[in-house]
Structures are given as structure tokens and as C-alpha cells.
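# Breakdown of the fold
One-letter residues, chain by chain:
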Amino acid sequence: MSEVCVNQKELAARWKISHRTLERWRWVQEGPRYLRIGGRVVYRLSDVEAFERKVQSVPDELLAEG
């Protein structure tokens, strides 16, 4: 089975951020996991979604219940 991947410009468009932000995150080792294949950088959609879950905010009312 083939994994769905996106390039940095596609991911930047998904998150409405600059592709330069993704470059900076790679430089400082932040952000989602990525693959460098023959000079190209791609992000597996499963890694992108895992990162989104990791950084997702928790609503204040859920924090008050805990």
C-alpha cells in the first residue's frame, strides 16, 4: 500500500502558513516528521495528522473537569 504524501507547499497551504515556516521548523527540528527523498522534502499525511493531534488545543471546560 502506498502512503499519501504532500510537499511543503501543499502542507503550507493546508495550514495557511508560509512554506518558509516549515523550512525553519525543519532547521530547528520542530514540526511534523518529514522525509527527504532525492533532495525533495515530503510529509506523510499520517505524520501530518499525528502532529495536528499532538498540538491540538484542549478547550478550557475540559481542563476544568479534569
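One structure accompanies this document, and this report is about it.

Cut-off values and rules
Residues numbered from 1 in each chain as written. Predicted model: local features only at pLDDT ≥ 70, side-chain atom pairs only at ≥ 80, totals over all residues. Heavy atoms only, no water. Phe/Tyr/Trp six-rings, centres within 6.5 Å; stacked < 30°, edge-to-face > 60°. Helix = DSSP H or I, 4+ residues; strand = E, 2+ residues; numbered from the N terminus. Lys NZ or Arg CZ within 6 Å of the ring centre and 35° of its normal. Buried < 20%, exposed > 50% of the residue type's maximum accessible area, 1.4 Å probe, protein only.

The next point concerns the packing of aromatic side chains. A full pass over the atoms with the stated rule returns four aromatic pairs. Judged by centre distance (5.7 Å) and plane angle (35°), the rings of Trp15 and Phe51 are tilted. In this pair, Trp15 sits in helix α1 (residues 8-15) while Phe51 sits in helix α3 (residues 45-55), placing the two residues 36 residues apart along the sequence. In this structure an aromatic cluster arises from ring pairing among Trp15, Trp25 and Phe51. Sitting above the plane of the Tyr34 ring, Arg26 keeps its charged end 5.6 Å from the centroid.

The next point concerns unusual backbone geometry. Even without being a glycine, Lys16 presents a positive backbone phi close to 55°. In this fold, Lys16 is placed in the loop between α1 and α2 (19-27). On the accessibility criterion, Lys16 (75% relative accessible area) is exposed. Positive phi, close to 60°, is recorded for Gln29, a residue that is not glycine. Within the secondary structure, Gln29 sits in the loop between α2 and β2 (35-37).

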